[in-house]
Amino acid sequence: MSNVPALDIFDQVFVKSIFQRMSGKYWVNDFCSFGLTDHWRRRAINSLHLPQGASVCDLMTGTGESWSFILDAIGKQGQITAVDFSEEMLEVARERVRRLNFLNVTMVRSEIFSYSFPTHSFDAITCTFGAKLVPPWKWDDFAKLIASLLKPTGRFVLLELGRPSNAFLKGPYDAYVRHAVPFLASLLAGSDEGFELLEQYTKAFEGFESMRQAFQRAGLYSEVKPFFGGCGSLLVGSRLSQKLAEGEGFEPPVRFPVHSISSRAL
Ligand SMILES: C[S@@+](CC[C@H](N)C(=O)[O-])C[C@H]1O[C@@H](n2cnc3c(N)ncnc32)[C@H](O)[C@@H]1O
C-alpha cells in the first residue's frame, strides 16, 4: 500500500492554493471553452429574470466573471455582494470593478460558510462554477445558506460543468478536460497548474440531480437545466411555497414575473 496520502481536493487550504496560483491566468478557462462558459453564465443570469435595482449575492465570485451579465440585468442602481476566500482572485476582480465602472459591488473576502451574511436580504443568489468545490457532505449546509440569504420572493441559480450522459459525448469530453485543457493552459499561460485538476473536480461532482435534493430539504424548489448534452447545467430555483414545504408534493416551477421580485429601486 502506498504511504502517499490521497489528495483531498476539498481541503480548504488546498483549494485556496489552487486559486492563488490560477488567479492571473483564470481567463484561460473561458478561452478553452471557446466562449461557451461565458455564454452559459449569461444564460444562468438571464434565467433569474432580475429586475433593475435588484440586490444579488454572487457566491465564490472568483474574478467577477458573472458581474457584467448581472449588471446588464440589474443596472447601475443594483447591488452586488461578491464573496470569495481568495485574495488573489479578488485582486483581479478589483481591476474588473474599475473596468466596468460599477460602484455598487461589495467584495467580501471570506469562506462562504464562515461569513455572517444579513439574512433574507438578497433578491437573488448566483454561483457560477463554484458548486463542484463544495464537498458533497456540505451540500445541505450550502442549500441552507442559500435559503437563509434569499428574500421570500428571491431566486437562485448555480451553474456548473458536468460529464455528459451521452456515451458519444462522454469520451471526447473526458479527453478534452484531461488533455486539451492543461495543454492549452501551458501553451497560453505558461503552466497547467490548477487546470490539470479540473478533471478530478468534474468527476467528483455528482451533478445537480443529486444536489437538488439538498435544496429541497432546505425548503427550496429547483430544477436542472442541462446545456450541450450535459457538459454544463444550471440549478435554478426559488423558495418552495408553504404547501410544498409541508410535503404536499411537487408542482411545476412557479414562473417569476419580473414584478414579483422586490427591489428597493423599483
Ligand atoms: C471555479 S472559481 C469560479 C469563479 C467564478 N464564479 C466563475 O464564474 O468562473 C471558484 C471560486 O470559488 C472560490 N472558493 C472556493 N471555495 C470557497 C469557499 N468555501 N468560500 C469562498 N470562496 C470559495 C475560489 O477562491 C474561486 O475563486
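Residues numbered from 1 in each chain as written. Predicted model: local features only at pLDDT ≥ 70, side-chain atom pairs only at ≥ 80, totals over all residues.

Following the sequence through the fold, Gln20 ends up in helix 1 (residues 12–22). Overall, the presence of 14 C-beta atoms within 10 Å leaves Gln20 in the partly exposed class. For the pair Gln20 and Gly194, spaced 174 residues apart in sequence, the C-alpha separation works out to 9.7 Å. Sequence-distant contacts of Gln20, defined by excluding residues within four places in its chain, comprise Ser86 and Glu88. (Helix = DSSP H or I, 4+ residues; strand = E, 2+ residues; numbered from the N terminus. Buried ≥ 20, exposed ≤ 12 C-beta atoms within 10 Å, placed from the backbone. Contact = placed C-beta atoms within 7 Å.)

This part takes up the site of the ligand. Every one of the 19 residues lining the ligand counts as a neighbour, but Met60, Gly62, Glu65, Ser86 and Thr128 are closest to it. For the shell around the ligand, the secondary-structure elements that each account for two or more residues are helix 1 and strand 2 (79–84). Of the residues assigned to the shell around the ligand, the class counts are 9 nonpolar, 6 polar and 4 charged. (Near = placed C-beta within 6 Å. Nonpolar A, V, L, I, M, F, W, Y, C, P; charged D, E, K, R; others polar.)

With that settled, consider the pairing of strand 7 (residues 232–239). Among the 8 residues in strand 7, 8 count as buried, and that is most of the element. Pairing analysis gives 7 bridges linking strand 5 (residues 150–161) to strand 7, with the strands arranged antiparallel. Within strand 7, the position partnered with Val157 by the bridge is Val236. By the bridge criterion, 8 bridges tie strand 6 (residues 220–227) to strand 7 in an arrangement that is antiparallel. Paired with Ser222 across the two strands is Gly237, which belongs to strand 7. Joining the antiparallel neighbours strand 6 and strand 7 is a turn of 4 residues, in which Phe228 adopts a positive phi near 50°. (Pairing = 2+ DSSP bridges.)

Another aspect to go through is the sheet that holds strand 4 (residues 122–128). Here we have 7 strands laid out as an open sheet, ordered 3-2-1-4-5-7-6, and mixed in their pairing. In this open sheet, the two strands that pair with only one neighbour each are strand 3 (105–109) and strand 6. Averaged over neighbouring strand pairs, the angle between their axes works out to 15° when direction is ignored. Across the sheet, helix 4 (residues 67–74) touches strand 1 (55–59), strand 2, strand 3 and strand 4, and the angle it forms with strand 1 is around 170°. (Axes fitted to C-alpha atoms, helices over the stretch in contact; angles between N-to-C directions.)

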